[in-house]
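# Architecture and fold: a report
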Amino acid sequence: MSNWIDRHIKWVFTMPAVIFVGLMMVMPVGYTLWLSFNEWSMSNIDPPLWVALENYKTLFHDELFMKSLGLMFYFTIAAVATETVLGVGLAILMNQHIVGKGLVKTLFLLPMVATPVAVGLIWVLIYEPNIGIANVFLQKLGFPGQEWLTSQTLVMPSLIIIDVWEWTPMIALIVLAGLVSLPKDPYEAAMIDGATTWQIFRKITLPLLKPTLYSAILLRMIDALKTFDIIYATTQGGPGTSSQTINIYGYVLGFQYFKIGQASALLMIFFLIVLTISVFTILLRKRAGVHL
Amino acid sequence: MSVKKRKKGKIAFTHVGVYLALILFLLPFLWMVLASFKTQVQILNTSKLFEITANFDNYKSIFSEYSFLTFIMNSFIVGVGATIFGLILGLPAAYSIAKYKQQGLGLLILVARIVPGISFLIPWFIIFSKLQMIDTYTALILSHMLVTMPFIIWVMIPFFEGLPHELEESARVDGCSIPGAFIKILLPISGPGIVTASILAFIFSWNNFMFSLILAGDKTKTLPIAIFNFISYSDINWGGLMAASVTITAPVLILALVAQRYIIAGLTGGSVKG
């Protein structure tokens, strides 16, 4: 017996974890796929009715669905782009000789580990039009106060600001780790040649950082596409449907309207989008010479 | 301007930049803590932003009126449960993936990070309802394990890769089976790695909102769900809400400071180093 275990240890050690992932993730996703071909409402007693692709057709004619897709991409692209630019800048600053660097690095971890729902609610207070510090601050500077979370046009930028606050430090810390491990020789050569700071950044730092940047952006993108906690805690998709990204819309369809078939179709499309983007980025990274 | 002076100017600039950024990133936490000590009247009066009379009424009320202790216990039970079972499944898997270079399996675990959690929430709800397991710790622990176990595996794979294999080999020569050598030799010397992996896993379970939103009920409500009790349709008890936010985030922030060196590794899930 012991011998058999030793010979097959590779599988004895990994099977429990694999079976768990299979039962809790792979099978349920398959179940969602099956449900997406059915018309079914959890609230009535009729069994699911096979409707093939009907749910998908309905979705593509659903304005709210198209809008939620757009909002998801808007949120992801704006947030991740801002975080990347700010994060790289911050990392370069932090790569200098800073007094108390260790402590600074540690404190930058706090936004990203804080409980997202609590973070969202803190920002609800900050954005509160009458008593929030955001407007108090604006008014002190002589600007009019804003309806941060209740204005249809401002709600998405306001949510993006929260995401940027929460996740810029992560990009900064990943990039900083990359900067520290860069080789010194190219810099010395460039210094001797009299290159400017900007030239050094463009021609040496950025190309050498490429793999690190790919990783950081990929991870942020995957998470930004799936943002749920912050939006649910601050606006629940509102005002109206102005911040209803696909994640929130899926939740609303499934757990508030109990339109299981349609929600499942939506979730399958969402699943495919996230998967495609991830695979695509991973392949790009491979081409850039990094492997997983 | 001399070179020396320019250098001094640059050093000053980087310090101002970094510390300014740090202050901006910490300000919301300061704001939360300040508000948690204010009365509703003080919060509503914006002319005296930093005037607080240190009173603990908000903290007292979240424990007496809102029975926060129950929710803390719920979050704690689910977090500890999900971490322990995550370790039981995750540690051997991480060791095997590290030692036998099972990259395919490593990739499968990585997929658990990519797939949006909501895409299996409906089946979970249906299945757990049928099994009458909604509002049970078992259902919550099982769901949270899908978060904790991958984190544990990601943190532990590089850790196990870095261990010297001589110890284990000599135990094998002495007649120990591989599982025996794993439990008696490798796990004890992996203590620091296991502690940080556990802290990380616990943090992510503690913070989890979506799974608990669907699977928790009145008996098992965890903190991130319970915090919405402070928001009623008519108005918001701001002081209580911020005291509750402090109570939720404080343990996580303290744990994060303990495990700080590994947090980035945990968040980036094995994909940065390659």
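Residues numbered from 1 in each chain as written. Chains lettered and ligands numbered in written order. Predicted model: local features only at pLDDT ≥ 70, side-chain atom pairs only at ≥ 80, totals over all residues. Heavy atoms only, no water.

Here we come to the overall build of chain A. The helix and strand inventory of chain A stands at 14 helices and two strands. Across its three principal directions, the C-alpha atoms of chain A cover 75 × 75 × 35 Å. Per-residue burial for chain A yields a buried fraction of 54% across its 292 residues. Sequence-distant contacts in chain A: of pairs separated by 6 or more residues, those separated by 24 or more amount to 65%. Summing over all exposed atoms, chain A offers an accessible surface of approximately 13,400 Å²; the carbon and sulfur share of this is 68%. (Helix = DSSP H or I, 4+ residues; strand = E, 2+ residues; numbered from the N terminus. Buried < 20%, exposed > 50% of the residue type's maximum accessible area, 1.4 Å probe, protein only. Contact = heavy atoms within 4.5 Å. Areas by Shrake-Rupley, 256 points an atom, 1.4 Å probe, with all protein chains shown as cover.)

Right, let's get into empty space enclosed by the protein. Overall, the coordinates contain three cavities of 30 Å³ or more when judged by the stated rule. In this structure, the largest cavity spans a volume of roughly 900 Å³. For the largest cavity, the lining is made up of 35 residues, of which Asp 223, Lys 226 and Asp 229 of chain A together with Phe 204 and Asn 208 of chain B are closest to its centre. Only α9 (155-180), α11 (197-225) and α12 (229-234) of chain A together with α5 (103-114), α7 (137-161), α10 (191-207) and α11 (210-215) of chain B provide two or more residues apiece to the lining of the largest cavity. Broken down by element, the residue count for the lining of the largest cavity peaks at five residues, all from α7 of chain B. For the lining of the largest cavity, a count of residues per class yields 23 nonpolar, five polar and seven charged. (1 Å grid on protein atoms, 1.4 Å probe; cavity = no way out; pocket = protein on both sides within 12 Å on 5 of 7 lines; lining within 4 Å. Points joined across faces, edges and corners; volume = space filled by probe spheres on them. Nonpolar A, V, L, I, M, F, W, Y, C, P; charged D, E, K, R; others polar.)

Next up on the list: the confidence of the model for chain A. Mean pLDDT over chain A stands at 91; residues scoring 70 or higher make up 97%. Helix α4 (residues 63-94) of chain A holds the highest mean pLDDT among the elements of chain A, 97, whereas helix α1 (residues 2-7) of chain A holds the lowest, 84. (pLDDT = per-residue confidence, 0-100.)

Residues and elements named next belong to chain A. Applying the stated criterion to the full structure yields 36 aromatic pairs over all chains. Centre to centre, the rings of Tyr 232 and Tyr 251 are 5.6 Å apart; their planes meet at 90°, and the pair counts as edge-to-face. On the criterion of sequence distance, the pair formed by Tyr 232 in helix α12 and Tyr 251 in helix α13 (residues 246-256) is long-range, its members being 19 residues apart. Overall, Tyr 251 belongs to the buried group, its relative accessible area being 8%. (Phe/Tyr/Trp six-rings, centres within 6.5 Å; stacked < 30°, edge-to-face > 60°.)

Under the definition given, this model contains five salt bridges over all chains. A salt bridge links Arg 172 of chain B to Asp 6 of chain A; the nearest nitrogen and oxygen atoms lie 3.1 Å apart. Of this pair, Arg 172 of chain B sits in helix α8 (residues 166-173) while Asp 6 of chain A sits in helix α1, on two different chains. A relative accessible area of 33% places Arg 172 of chain B in the partly exposed class. In this structure, the salt-bridge partner of Asp 57 of chain B is Lys 60 of chain B, at a minimum N-O distance of 3.9 Å. (Salt bridge = Lys/Arg side-chain N within 4 Å of Asp/Glu carboxyl O.)

Moving on: the side chain of Thr 196 of chain B. Residues and elements named next belong to chain B. On the secondary structure map, Thr 196 appears in helix α10. A residue is classified by how much of its surface remains accessible, and Thr 196, at 8% relative accessible area, is buried. Of note is the side chain of Thr 196, whose polar atom sits 3.0 Å from the backbone oxygen of Pro 192. When sequence neighbours within four positions are dropped, the list of residues in contact with Thr 196 reads Ala 259 and Tyr 262. (Polar contact = N/O pair within 3.5 Å; in protein donor to acceptor, adjacent residues only side chain to side chain.)

Taken together, the contacts link 89 residues of chain A with 91 residues of chain B. Summed over both partners, the interface of chain A with chain B buries about 8,200 Å², with 83% contributed by carbon and sulfur atoms. The largest share of the area that chain A buries against chain B comes from Phe 13, Phe 20 and Met 24 of chain A, three residues that together contribute 9% of it. Between chain A and chain B we count two salt bridges in total. Inspection of the region where chain A meets chain B yields 16 residue pairs in polar contact (both at pLDDT 80 or more). With 17 residues, the single largest contributor to the side of chain A that touches chain B is helix α2 (residues 9-35) of chain A. Here the residues of the side of chain A that touches chain B are counted per class, giving 65 nonpolar, 17 polar and seven charged. (Buried area = accessible area lost by both parts, 1.4 Å probe.)

Between two packed helices, what matters for the description is the angle formed by their axes and the separation of those axes. Residues and elements named next belong to chain B. Relative to each other, α8 and helix α9 (residues 178-189) sit at 145°, their axes nearing to 9 Å. Of the two possible hands of crossing, α8 and α9 adopt the one that is right-handed. Of α9, the residues touching α8 (which contributes Leu 167, Glu 168, Ala 171 and Arg 172) are Ile 178, Ala 181, Ile 185, Leu 186 and Ile 189. Taken together, the residues of the contact of α8 with α9 sort by class into seven nonpolar, no polar and two charged. (Axes fitted to C-alpha atoms, helices over the stretch in contact; angles between N-to-C directions. Left-handed = near helix turned anticlockwise from the far one by under 90°.)

As a further point, take helix α7 (residues 116-127) of chain A. Residue and element names in this part refer to chain A. Spanning 12 residues, α7 covers 16 Å between terminal C-alpha atoms, matching the ideal 16 Å at 1.5 Å per step. For α7, a buried count of 12 out of 12 residues is recorded, marking the element as mostly surrounded by other parts of the structure. Residues of α7 that are buried: Pro 116, Val 117, Ala 118, Val 119, Gly 120, Leu 121, Ile 122, Trp 123, Val 124, Leu 125, Ile 126 and Tyr 127. (Expected span 1.5 Å × (residues − 1).)

Quick look at unusual backbone geometry now. Trans peptide bonds make up the majority, and among non-glycine residues the majority have a negative phi. The residue after Gly 238 of chain A, namely Pro 239 of chain A, is reached through a cis peptide bond having omega 0°. Among the structural elements, Pro 239 of chain A can be located in the loop between α12 and α13. The phi angle at Gln 236 of chain A is positive, at roughly 50°, despite the residue not being glycine. With respect to the secondary-structure elements, Gln 236 of chain A resides in the loop between α12 and α13. Although it is not a glycine, Asp 135 of chain B sits at a positive phi angle of roughly 65°. Within the secondary structure layout, Asp 135 of chain B lies in the loop between α6 (121-130) and α7.

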